[in-house]
Amino acid sequence: MSNAKERKHAKKMRNQPTNVTLSSGFVADRGTKYHNGGGRPFHQAQKQEPFPGTSRQRQTKMTHHSPVDPDVKEQSSSKIMFKKKGGWKAGPEGMSQEIPKYITASTFAQARAAEISAMLKAVTQKSSNSLVFQTLPRHMRRRAMSHNVKRLPRRLREIAQKEAEKAVHQKKEHSKNKCHKARRCHKNRVLEFNRRQKKNIWLETHIWHAKRFHMVKKWGYCLGERPTVKSHRACYRAMTNRCLLQDLSYYCCLELKGKEEEILKALSPMCSIDAGLTFAAVHCLSGKCQGSVLLYRANRYPREMLGPVTFIWKSERTPSHTSESRQLWIWLHPTLKQDILEELKAACQCVEPIKPTICTPGPLLTTSEEKSQTELPDEKIGKKRKRKDDGENAKPVKKVIGDGTRDPHQPSSWISAATGIIISDLTMEMNRLRLIGPLSHSILTEALKAASVQTEGEDTEKTPHHWWIETCKNPDSVSLHHRQEAIFELLGGITSPAEIPSGTILGLTVGDPRINLPPKRSKVLPNPEKCQDNEKVRQLLLEGVPVDCAHSFIWSQAICKNVTENKISDQDLNRRRSELLVPGSQLVLGPQESKIPILLIQQPGKVTGDDRRGWGSGWDILFPKGWGMAFWIPFIYRGARVGGLKESVMHSQYKRSPDIPGDFPDCPAGVVFAEEQAKNLLEKYKRRPPAKRPNYVKLGTLAPFCCPWEQLAQEWESRVQAQEEPSVASSPSGEDSDSRRDKLPCAPTPENTDLWSDEGGTSLSSCSEPREAMDTECPARVGTEWVACQDATGSLLCVLRSRKWLKQLSTWCGPSSRDKRAARRASGSGEPALTRAACLPLLERFPRALVWVSLALLRKGSPEPHSMICVPTEEDFLRLRQDQLYCGPQESKHSDPFKSEIRKQKERKKVEKRQNKQAPTEREGLAGGPPAAGHQALTLGLWSGPLPGVTSHCSRVLLGFVTQGDFSMAVGGGEALGFVSLTGLLDMLSTQPAAERGLVLLRAPASPQYRFARIAVEV
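Residues numbered from 1 in each chain as written. Predicted model: local features only at pLDDT ≥ 70, side-chain atom pairs only at ≥ 80, totals over all residues. Heavy atoms only, no water.

Colleague: I'm lost on the overall build of the protein chain in this one. Help?
Modeller: Tallying secondary structure elements over the protein chain gives 32 helices and 27 strands in all. Within the protein chain, contacts between residues at least 6 apart in sequence are counted, and of these 76% link residues at least 24 apart. Carbon together with sulfur atoms contributes 52% to the accessible area of the protein chain, which is approximately 55,000 Å² in total. (Helix = DSSP H or I, 4+ residues; strand = E, 2+ residues; numbered from the N terminus. Contact = heavy atoms within 4.5 Å. Areas by Shrake-Rupley, 256 points an atom, 1.4 Å probe, with all protein chains shown as cover.)

Here you go:
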């Protein structure tokens, strides 16, 4: 029997009992004898054949050698004859079939019973996944068979009924979702949107973004990541020459109320003047400008950073009461909110929650109304459902405004009994839009108009905007409003927002921007005719906005609530437009027009470096919640292009400023972001087959998806200490070693600093320098002592943010001999030279620090995130001097130490897969043996286990990593931003010649090619 016929026969016999053997009609079955009709040859009666597939071949071989039984002789004496065409022939197809003369009834009945049961089992049990009606011939099938059993033949109805009773084939429960036409109904849509906002917060512009953007769920929000159209270059052109619009309402706002002295005293341990301005800066404390500060845990500077924030003090119209009660708004990224809020509550001692008096945002429905909307009556399937809420008694459904995920019983304010400070969480209580570009002024002045002064009109109590009428009764308030309006009109003639002082704040009350909406989209241009008085413009550019003009009614929550609740709906506004006698004419609402308090905040743009100063500047607009789309559409109709999260990253990259939270590795939010990014990149890498993805092990890339900052800083500290020890041991007098130390900076050692070690053996230096004095305007101590003593479990990693030392590093990184202007500036400033004595205080204070740097490629190349920043060798500089077009060296191919282990892992998987296909009894027998050792899952192309030395793994010493990198349309070449080790940077600069000082090598994770780049520290 051939193999194919064997398999066909085995398939036929798979559902047969062991005592049944069907004749296959082969010659091998001619000599087989059967006993008592049992279906088995007599020589197998005592011994069972373990392999049924080859039983017939073994029967043939054993027939000629088996002993002859007398009963068999009697059975073989007669033959059955079949009459066929052409005469009588023995057996089927001329073959003789021997039958017994007598049978045993009980044995014969058992054999036949087994055959019948096997036949019934084969008939009733399905061998495929198809349904019963699918097994019928095509000409007998009917469409109704799938849901009507009576359409099937009677013999199949019972089986079909059993299939229909299974849960898989049960009819689905009647969907609670209405039909498409009913879902498009305004009330049903609002209910559906309210339900969907209970998991992730929606911005007020969410529906607009969802139709035009790729949406992502990040930080508890649904945000637009990037437009669906190709607009990368268009967004850059908008930021450079026109205007880019972004919705930053997802940023969180924390409000502090209390005495000025108490607030400054509580916040002073969380910041340091060494890293920049604090909350006590004079121009920020008056409320005239917005400030930015880096927050740390109390008394933990320069480590344990919490994140960067911006803050605004409420300007006081009466300067005599500045120290009594003040309001402070702290704006921060949502990833930083939880850590900073807990630290603020601990610093201000605000532990007692305040029960919310204002209802939190949510679906404005009662419990009975919600149940009536979600529960459906038990009706027959297919019967039309009528809406029972239609009619005169139907209540309008209001959409969610603000944070729909907030628990109504969860407190949002906390008070301190000791200090009297109140901390409130105002997240999603205000909208924040950002305009970036030189046309921001023109769009603002065209879209927004100052509110008209109303002193006479209807009854104050009946007017929905009675707060504005009461304000207009005060002559001082009217005078202030006119001054704010005059300054706002002057903005229309100013070319760029970068000309105005950084962080300028302007308060204003404007009318409904929907009234001035143009009939179609247009592009506005600056109008110099608006600046008739050059003296006022010059005064505005030099001094900024006066302090009293920074006042705004948006600081009052009662007024903001009134403005939100009394907003005229779009439907009512359109109805009034349709009733105009002259279509398209100006709509005048009079006292019914809404008055919205806003706050305009100038964003400075690029403030570091010498090139492109002021690029990316613009304005932020703060206004009460509920008015998001009312301001959004007018800005777009004036020519603003909308950007998403990707454009925010590009904006920060072109400004060469760190992006939140990815560029803060010493911040808890930055660590979480790096872990999530590494996880996503690893999943994306594993989805591709090994032949279509780079082998990072052979390329020498140890960490292609993350940046091991801790290991990098620690290895550089050990590396420099190892270089210091031989020089000390080589000369007993120490003269030679001192001459070398003047060239090579080193980390603090036990010989030159007071050190002590923690439980883990990590050397920690103590601080011996006194701290500098803080802001003199603050009555309390605003600064903090530098903490050098860390816990045993704490991390020594930090980022150098001391402005004094950053300016010093910026001078040491350059200049080259070609930049004569920078060289003249450095020589005239009297900065100390790069020596060991100058570097030692810096390394003592920041032993394991990272430095934020910018890199510009000398020639072609586009850097990528996680690219490696390496130190060039003398040979690289020599080849660069000989050939100015030299691109850079190449990394040699590395060996893969995990290749054999991965091959063994594949073999083990094959064995396990083969074992899973065996019989259950055999699997149990194998399970009784010794269990397989637990092997770590390896991935081809990635380094497994703890990383070896990252600095010396490749031919070029590793200095740092790139966090942002791409081709820059501003300079027409590749630019990158990242961090390098402070110890490694000083070591590299001290050994490089003056002409090539600041040159490094960049290598992408998936490329062996190094490329030259110039490093810079911008302050």
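What follows picks up the thread again.
Colleague: Which parts of the structure should I look at to understand helix H29 (residues 874–882)?
Modeller: In an α-helix, one turn spans 3.6 residues, which is why side chains three or four residues apart end up on the same side. Within the span of H29, buried status applies to Asp876, Phe877 and Leu880. For H29, the angular spread of buried residues about the axis comes to 95°, placing them on one side. Counted as exposed and oriented over 90 degrees from the buried face of H29: Glu874, Glu875 and Gln882. Those residues of H29 hidden inside the fold are in contact with strand S26 (999–1003) and strand S27 (1010–1016). (Buried < 20%, exposed > 50% of the residue type's maximum accessible area, 1.4 Å probe, protein only. Arc of directions from axis to C-beta.)

Colleague: Can you help me understand the side chain of Arg326 in this one?
Modeller: Summarising the element assignment, Arg326 is placed in strand S10 (residues 326–332). Reaching out from Arg326, the side chain makes a polar contact with the backbone oxygen of Leu285 at a distance of 2.9 Å. Within the local environment of Arg326, its side chain forms a polar contact with the backbone oxygen of Lys314, the two atoms lying 2.9 Å apart. Not counting residues up to four positions away in its chain, the partners in contact with Arg326 are Leu256, Lys257, Gly258, Glu260, Ile263, Leu285, Ser286, Trp313, Lys314 and Glu316. (Polar contact = N/O pair within 3.5 Å; in protein donor to acceptor, adjacent residues only side chain to side chain.)

Colleague: Explanation requested: the sheet that holds S10 in the structure shown.
Modeller: By way of backbone hydrogen bonds, the strands of a sheet pair with one another, either parallel or antiparallel. A sheet is described by the order of its strands in space; here seven strands give the open sequence S8-S9-S10-S7-S13-S12-S11, paired in antiparallel fashion. At either margin of the open sheet sits one strand with a lone partner, and together these are strand S8 (291–296) and strand S11 (352–354). With strand direction ignored, the average angle separating the axes of adjacent strands in the sheet is 30°. Here helix H12 (residues 337–348) sits on the sheet in contact with strand S7 (252–258), S8, strand S9 (305–313), S10, strand S12 (413–415) and strand S13 (422–425), set at roughly 10° to S7. (Pairing = 2+ DSSP bridges. Axes fitted to C-alpha atoms, helices over the stretch in contact; angles between N-to-C directions.)

Colleague: Where do I start with a nonpolar patch on the surface in this structure?
Modeller: A contiguous nonpolar surface patch, about 400 Å² in accessible area, is contributed by Ile116, Met119, Leu120 and Val123. By secondary structure assignment, the location of Val123 is in helix H4 (residues 105–124). Judged by relative accessible area, Val123 falls into the exposed class, the value being 61%. (Patch = residues over 30% accessible without salt bridge, like charges linked within 9 Å, V, L, I, M, F, W, Y side chains within 5 Å. Salt bridge = Lys/Arg side-chain N within 4 Å of Asp/Glu carboxyl O.)

Colleague: How do you make sense of the packing of aromatic side chains when you look at a structure like this?
Modeller: For any pair of aromatic rings, the description rests on two quantities: the centre-to-centre distance and the angle between the ring planes. Within the structure shown, the criterion is met by 24 aromatic pairs. Ring geometry for Phe193 and Trp202: centres 5.7 Å apart, planes at 55°, overall tilted. Assessed through its relative accessible area of 24%, Phe193 is described here as partly exposed. Pairing Trp709 with Phe979 gives two aromatic rings, centres 5.6 Å apart and planes at 80°, and the pair type is edge-to-face. With Trp709 in helix H24 (residues 709–730) and Phe979 in strand S25 (residues 973–981), this residue pair connects regions lying 270 residues apart in the sequence. Classification of Trp709 as buried rests on a relative accessible area of 11%. Every member of this aromatic cluster is reached through a ring pair, and the members are Trp219, Tyr221, Tyr250 and Tyr251. When the ring centre of Trp414 is taken as reference, the NZ or CZ atom of Lys345 above it lies at 4.3 Å. (Phe/Tyr/Trp six-rings, centres within 6.5 Å; stacked < 30°, edge-to-face > 60°. Lys NZ or Arg CZ within 6 Å of the ring centre and 35° of its normal.)

Colleague: What am I meant to see in the sheet that holds strand S5 (residues 221–227) here?
Modeller: Taken together, the three strands give an open sheet; going across it, the order is S3-S5-S4, and neighbouring strands pair in mixed fashion. Of all strands in the sheet, those bounded by a partner on one side alone are strand S3 (201–202) and strand S4 (213–218). One ladder, built from six bridges, connects S4 with S5; its direction is antiparallel. Paired with Lys217 across the strands is Cys222, a residue of S5. Against the sheet, helix H21 (residues 645–655) contacts S4 and S5, and its axis sits at roughly 70° relative to S5.

Colleague: So what exactly am I meant to see when it comes to unusual backbone geometry here?
Modeller: When glycine is set aside, most residues are seen to have a negative phi, and most peptide bonds are trans. In the segment running from Tyr301 into Pro302, the intervening peptide bond is cis, with an omega of 10°. With an omega of 0°, the peptide bond running from Ile660 to Pro661 counts as cis. Relative to the assigned elements, Pro661 resides in the loop between H21 and helix H22 (668–687). One non-glycine residue with positive phi stands out, namely Trp219, at about 60°. Assignment of secondary structure puts Trp219 in the loop between S4 and S5. Residue classification places Trp219 among the partly exposed residues on the basis of a relative accessible area of 27%. We note that Glu304 has phi near 55°; this positive angle belongs to a residue other than glycine. For Glu304, the position within the fold is in the loop between S8 and S9.

Colleague: How do you make sense of the pattern of salt bridges when you look at a structure like this?
Modeller: Summed over the entire model, instances satisfying the criterion amount to 31 salt bridges. Among the ionic pairs, Arg483 bridges to Asp548, the shortest N-O distance being 2.4 Å. Of this pair, Arg483 sits in helix H16 (residues 475–490) while Asp548 sits in the loop between helix H17 (534–543) and helix H18 (557–565), and the two are 65 residues apart along the sequence. Classification of Arg483 by relative accessible area gives partly exposed; the value is 37%. According to the relative accessible area criterion, Asp548 is partly exposed, its value standing at 27%. Of the charged contacts, one joins Arg576 and Asp572 as a salt bridge, the two residues approaching to 3.6 Å between their closest N and O atoms. With Arg576 and Asp572 both in helix H19 (residues 570–578) and four residues apart, this pair spans about one turn of that helix. Classification of Arg576 by relative accessible area gives partly exposed; the value is 25%. One network of salt bridges, in which partners are shared, links Lys606, Asp611, Arg656, Glu975 and Glu1018.

Colleague: What is the right way to read a positive patch on the surface from this model?
Modeller: There is a patch of like positive charges on the surface, built from Lys893, Lys899, Arg903, Lys906, Lys909, Lys910 and Arg914. Topologically, Lys910 is positioned in helix H30 (residues 899–916). Of the residues examined, Lys910 reaches a relative accessible area of 56% and is grouped as exposed. (Lys, Arg positive; Asp, Glu negative; His and termini not counted. Charge placed at Lys NZ, Arg CZ, Asp CG, Glu CD.)

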